[in-house]
Amino acid sequence: MGLQRFIAERKQSKDILLMAHVVCGYPSFEENLQELEIMAEAGVDLVELQFPFSEPSADGPLFVLANEQSLKSGTTVDQCFEFMKLVSGRFPFKVLMMGYYNTAFKMGEEAFVKRVKESGGVGYILPDLPIEESPKLHRLSEEAGIEPIILMTPTTSDRRLAKLGEASRGLVYVVARKGVTGSKTQMGDDVLALIERCRGHTDVPLGVGFGISSKADIDVLRGHADVAIVGTAALKIWQEGGAPALRKFFTELMA
Amino acid sequence: MDIFDFSEGREGYYGEYGGVFLPEILQATIEELLVCFRECKADPKFWQDYVALLQNYSGRPTPITHLENLSRKLGGAQIYVKRDDLNHTGSHKINNVMGQGLLCQRLGKSKVIAETGAGQHGFATATMAAKFGFECKIYMGAVDVARQRPNVFWMENLGAQVIAVEDGQKTLKDAVNECMRDWVTNMADTHYILGTACGPHPFPEMVSWFQSIIGLEAREQMLKQAGRLPDRVYACVGGGSNAMGIFQGFIDDDVELIGSEGGGHGVGSYMHSSRLAYDDATVGVAQGYKTYFLQNDEGNMNETHSVAAGLDYIGVNPIFAHLHDQGKVRFEAATDVEVKEALKLTMRTEGLIPALESTHAFVTAIKEAPTMGKDQIILINQSGRGDKDIFTIADALDDAKWKSFIGGKADQYRAENN
Ligand SMILES: Cc1ncc(COP(=O)(O)O)c(C=O)c1O
């Protein structure tokens, strides 16, 4: 089933979906699996599996450290795909590859698309790959039936939003604010106005992320966005309080 | 030949290298920068102001020196040196920085950020920011902060905030990442003064344009002083800005252009920063552009090394990747050991103290000069002066008197603190 249809079906029983994030191999693949079990139990709908990269220039301090530590402990691209396969087979949520373009570029775009598909991934998020550079990758993805997730941001002009909207498939990632991953976003009128602006340029579902860390944040988005995206907050909770804290965090988020 | 005449739909590409690989959030900022740069480049007045500023503030044109002693000693080609070390702040970095400072004024931004390796670019940026009244933050790998204290001292005293970057290898590439992170947050009032001809378009073109002043001057000076153009021109290559600068003066002439990279511990050591001279680098995409990077099969960057902090970098400017493919520029490497020897020779025979970075160009030139005829001419770009490297050089020379001086200073500070 395609990503867009999956989101539509899940939305019949709840008013906003949740997408979570883990950095593959950090703190370890075993702990990733424990985190994902908790996410699945709580009813998380989508998960980004971040493939670690040595130059994560769009990430904030916690994910930077996670990328670095994961690579230091020997994580390979192959392991990440194997993990994706395991996870997509075991859990009801859908899985997306998240990472930097060089990972795909070095494998070759054909091999990358093939591998995401074979591993049960429904799409990928490559934040440093602008649409000007992606026609071939998008074509290959369409042929394979996976979705490139396009990002729309507060600094994107209307002219450019129109262009992005045209290329959007499956899900659009609306970046709630400037900056890198990690720090808090004031979820308010600015974000809602941005969502409206993006909505004017695409019919695919909108996911909103960057700095979402509480049920209150999600409540603001309810009725405006289709998916709330939680990244750094969950990793922070896991590091501070382990499984019980993460279970509590997701249970509260989904309440 | 104009390498910057892009064909339709290939703006910012040099062959298959270059481009813009940035997060969506920065697309508007890079577009704004490109538009502003195009205006500046098309405006003769902008270039006049730029040249005047460098004349009045930095001592341009820098001279060309004929190294008669060294030429005689080596017994081959006549060696000339373009003296960009005589710039204010001691290196060619000031050229690019002053240019981008003027551009930043046009952009109407009040803050600047910059990455720095050796600290020369950070030093130049802090200087420019003090003069122009910009708020200034310099990102510098923690390893480089430790080995380039004199430049950190000056940056801070010029009013810049120096931030030691603790991520990754804690060197230049990590400082670039940290600048990107600052920029995606603060782009509304902040201009990123990238220090070399790397990164996303238009930086490679823009930095090369500002640095072309070196080659413009050098060509004219060689004709006047030596009576003709050199047979070969040598420059060290970190990101490639000083080399692009001097090479542009000779690119349409029958002059061989040679770039000298950081050979570190040598070929096969995997402890070097030679992207083109050695066979270890492959094409990849990182830090906003596509070029040759020292990376593994999965696209993660390898550790790099050079005795010269300013050459210790994973990637090379995309223009050079292309010119290398086309055979228009030859690339060689100089090892740490060769650099120390060449530095000693240059100091003793000519009284010149090139920066460790620039000494890489001297190594290759000194190797090749004896194989050339006495009627042949070579030109070396001395991109910077070695004063900043006094700690590294003193260590390399194992200078006992220096060590005892530093030991004495340390004792004195310790006593003051107690
Ligand atoms: C004196 C000097 N020369 C050369 C370089 C290398 O940079 P590029 O290759 O951009 O000229 C540096 C960099 O810090 C430097 O300080």
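Residues numbered from 1 in each chain as written. Chains lettered and ligands numbered in written order. Predicted model: local features only at pLDDT ≥ 70, side-chain atom pairs only at ≥ 80, totals over all residues. Heavy atoms only, no water.

Chemist: Please explain the sheet that holds strand S14 (residues 377–382) of chain B as it appears in this structure.
Modeler: Each strand in a sheet pairs with its neighbour through backbone hydrogen bonds, running either in the same direction (parallel) or in the opposite one (antiparallel). Residue and element names in this part refer to chain B. With mixed pairing, the six strands of this open sheet are ordered in space as S3-S4-S14-S9-S10-S13. Edge positions in the sheet fall to strand S3 (64–66) and strand S13 (329–335), since each has one partner strand and no second. Between one strand and the next, the sheet's axes are offset by a mean angle of 25°, whatever the strand orientation. By the bridge criterion, six bridges tie strand S4 (residues 78–83) to S14 in an arrangement that is parallel. From the neighbouring strand, Gln78 faces S14, where its bridge partner is Ile377. (Pairing = 2+ DSSP bridges. Helix = DSSP H or I, 4+ residues; strand = E, 2+ residues; numbered from the N terminus. Axes fitted to C-alpha atoms, helices over the stretch in contact; angles between N-to-C directions.)

Chemist: Would you mind going over the packing of helix H4 (residues 77–90) of chain A against helix H6 (residues 109–118) of chain A with me for this structure?
Modeler: Relative placement of two packed helices is described by the angle separating their axes and the distance separating the axes. Residue and element names in this part refer to chain A. Running from amino to carboxyl end, H4 crosses H6 at an angle of 35°, the nearest separation of the two axes being 8 Å. In this structure, H4 contributes Asp78, Phe81, Glu82, Met84 and Lys85 to the contact, and H6 contributes Phe112, Arg115, Val116 and Glu118. Its residues placed into classes, the contact of H4 with H6 shows four nonpolar, no polar and five charged. (Contact = heavy atoms within 4.5 Å. Nonpolar A, V, L, I, M, F, W, Y, C, P; charged D, E, K, R; others polar.)

Chemist: Could you clarify how one ought to interpret a nonpolar patch on the surface in this entry?
Modeler: Residues and elements named next belong to chain B. On the surface, Phe153, Trp154 and Leu158 cluster together into a nonpolar patch covering about 290 Å² of accessible area. Inspection of the secondary structure puts Trp154 in helix H7 (residues 149–157). By relative accessible area, which is 44% here, Trp154 ends up partly exposed. (Patch = residues over 30% accessible without salt bridge, like charges linked within 9 Å, V, L, I, M, F, W, Y side chains within 5 Å. Areas by Shrake-Rupley, 256 points an atom, 1.4 Å probe, with all protein chains shown as cover. Salt bridge = Lys/Arg side-chain N within 4 Å of Asp/Glu carboxyl O. Buried < 20%, exposed > 50% of the residue type's maximum accessible area, 1.4 Å probe, protein only.)

Chemist: Looking at this structure, how should I read the site of the ligand?
Modeler: Residue and element names in this part refer to chain B. Taken together, 19 residues are adjacent to the ligand, and Thr196, Gly238, Gly240, Ser241 and Ser383 come closest. Between Lys93 and the ligand, the recorded distance is 3.2 Å, taken from a side-chain N or O atom to an oxygen atom. Between the ligand and the protein, one listed contact pairs an oxygen atom with a backbone N or O atom of Gly238 at 2.7 Å. In the complex, 98% of the free accessible area of the ligand, which totals 390 Å², lies under the protein chains. Class assignment of the residues belonging to the shell around the ligand gives a composition of five nonpolar, 12 polar and two charged. Mapped onto the domain boundaries, the shell around the ligand takes at least three residues apiece from domain 1 (14–55 + 92–203) and domain 2 (60–90 + 212–396). (Near = heavy atom within 4 Å. Polar contact = N/O pair within 3.5 Å; in protein donor to acceptor, adjacent residues only side chain to side chain. Domains from an automatic or database assignment.)

Chemist: Where do I start with the domain arrangement of chain B in this structure?
Modeler: Much of the literature gives interface size as the accessible area that the parts lose upon coming together. All names here are of chain B. Parsing chain B into structural domains produces domain 1 (14–55 + 92–203) and domain 2 (60–90 + 212–396). Computed over C-alpha atoms only, the centres of domain 1 and domain 2 are separated by 22 Å. Between domain 1 and domain 2, the contact holds 42 residues from the first and 46 residues from the second. Of the roughly 3,500 Å² buried where domain 1 meets domain 2, counting both sides, 61% is carbon and sulfur surface. It is Tyr17, His92 and Arg147 in domain 1 that bury the most area against domain 2; as a group they hold 21% of the surface buried on that side. Remark: the boundary between domain 1 and domain 2 carries zero salt bridges. Across the contact surface, domain 1 and domain 2 share 15 residue pairs in polar contact (both at pLDDT 80 or more). Those elements giving two or more residues to the side of domain 1 that touches domain 2 turn out to be strand S2 (17–18), helix H2 (44–58), helix H4 (93–107), helix H5 (120–132), helix H6 (142–147), H7 and helix H8 (172–186). Of the residues that constitute the side of domain 1 that touches domain 2, the class distribution is 20 nonpolar, 17 polar and five charged. (Buried area = accessible area lost by both parts, 1.4 Å probe.)

Chemist: It is not clear to me how the side chain of B:Thr89 should be interpreted in this structure. Could you clarify?
Modeler: Residues and elements named next belong to chain B. Along the chain, Thr89 turns up in the loop between S4 and H4. For Thr89, a relative accessible area of 3% translates into the label buried. For Thr89, the contacting residues outside a window of four places in its chain are Ile94, Gln120, Phe123, Ala124, Thr127 and Arg385.

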